[in-house]
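Examining the three-dimensional arrangement
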Amino acid sequence: MTRLEGPALDARLEAVLALVRADTHADIGSDHAKLPIRLLRAGRIGRGVIVELNPGPLAHARQNVARAGLAGKLEVRAGDGFAPLAPGEVNSASVTGMGAFTILGMLRREPARLPPTLVLQPNDSAESLRRWARGAGYHLRADLLIPGYWAYPVLRLDRAPGPDPTYADLPDEAALRYGPGLLRGRDPLLRAQVQADLRRLTPLAAPGRVAQTELEVAEAAWAWLNGP
Ligand SMILES: C[S@@+](CC[C@H](N)C(=O)[O-])C[C@H]1O[C@@H](n2cnc3c(N)ncnc32)[C@H](O)[C@@H]1O
């Protein structure tokens, strides 16, 4: 990677980069600021806002943005989640490298400040984010699993009216748990996850137990993955 292109990204952040294109984009919880630096260098965004809660990562972001000579186009702000953004200020935002619960907290705390496009990369199950998106008026436009230390979910959500057509004709609970795009694409990493769930849940399942319901969801996903 040359200085002109910006810092190298790992596979999950490369996947996020490919899903962002916006005039003004916010990266929330940026730490090293590698993603917004690459987004600017690649011409995928015109301007960026970086939000960081903690002093160490905030200084890290400021230092890397200054070193890249991008302080005029990438503004670094201290604060919690979407709170430092004015409503309507950015067209899109990314939140990456955190637990889904942390990301969900940010989304729920500032509904009026959320932009029409969100690219989310939780480090664990994306189920709660898919459920949130459905209630908050966002449609799932990309739904990926990226190999790495774990299989990292990457979601792109766009605000849109009405029910999300991505879920049509799929077993609903299985699609929310495992991802409608991943089920439709018969993603090999998803197959491995569902198989692992079937192995884990089968000995635990019994009528009335949570494991029984979870097993039924995994079985519905498995049936779809192996269907015609
Ligand atoms: C594990 S790092 C991920 C860094 C980068 N986004 C990535 O994917 O490589 C999580 C970052 O989120 C920041 N963070 C956690 N909670 C936050 C919040 N509520 N608002 C803003 N930043 C937050 C942390 O300070 C930390 O720098």
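Note that the structure is predicted; figures quoted are calculated from it, not measured.

Quick look at the sheet that holds strand β4 (residues 92–98) now. The strand order across the open sheet formed by seven strands is β3-β2-β1-β4-β5-β7-β6, and the pairing between neighbours is mixed. Either end of the sheet is taken by a strand with one partner, and the two such strands are β3 (74–78) and β6 (138–147). Within this sheet the neighbouring strands show an average axis-to-axis angle of 15°, counted without direction. Bridge count for strand β1 (residues 22–28) against β4 is four bridges, and the pairing is parallel. Looking at the pairing, alanine 26 lines up with alanine 93 of β4. Helix α2 (residues 34–41) rests against β1, β2 (45–52), β3 and β4 of the sheet, and its axis sits at about 175° to β2. Helix α3 (residues 55–67) rests against β2 and β3 of the sheet, and its axis sits at about 165° to β3.

Bringing the domain arrangement of the protein into the picture now. Domains assigned within the protein are domain 1 (11–162) and domain 2 (169–228). For domain 1 versus domain 2, the distance between C-alpha centres works out to 28 Å. The interface of domain 1 with domain 2 comprises twelve residues on the first partner and 14 residues on the second. Summed over both partners, the interface of domain 1 with domain 2 comes to about 1,000 Å²; 53% of that surface belongs to carbon and sulfur atoms. Linking domain 1 with domain 2 are three salt bridges. The salt bridge partner of glutamate 127 is arginine 177, with a shortest N-O separation of 2.9 Å. Taken together, domain 1 and domain 2 are joined by six residue pairs in polar contact (both at pLDDT 80 or more). Put simply, the parts of the chain that give the side of domain 1 that touches domain 2 at least two residues each are α5 (127–136) and β6. In terms of residues, the side of domain 1 that touches domain 2 owes the most to one element, β6, which gives six residues. Class assignment for the residues of the side of domain 1 that touches domain 2 results in six nonpolar, one polar and five charged.

Rules used throughout
- Residues numbered from 1 in each chain as written.
- Predicted model: local features only at pLDDT ≥ 70, side-chain atom pairs only at ≥ 80, totals over all residues.
- Heavy atoms only, no water.
- Pairing = 2+ DSSP bridges.
- Helix = DSSP H or I, 4+ residues; strand = E, 2+ residues; numbered from the N terminus.
- Axes fitted to C-alpha atoms, helices over the stretch in contact; angles between N-to-C directions.
- Contact = heavy atoms within 4.5 Å.
- Domains from an automatic or database assignment.
- Buried area = accessible area lost by both parts, 1.4 Å probe.
- Salt bridge = Lys/Arg side-chain N within 4 Å of Asp/Glu carboxyl O.
- Polar contact = N/O pair within 3.5 Å; in protein donor to acceptor, adjacent residues only side chain to side chain.
- Nonpolar A, V, L, I, M, F, W, Y, C, P; charged D, E, K, R; others polar.

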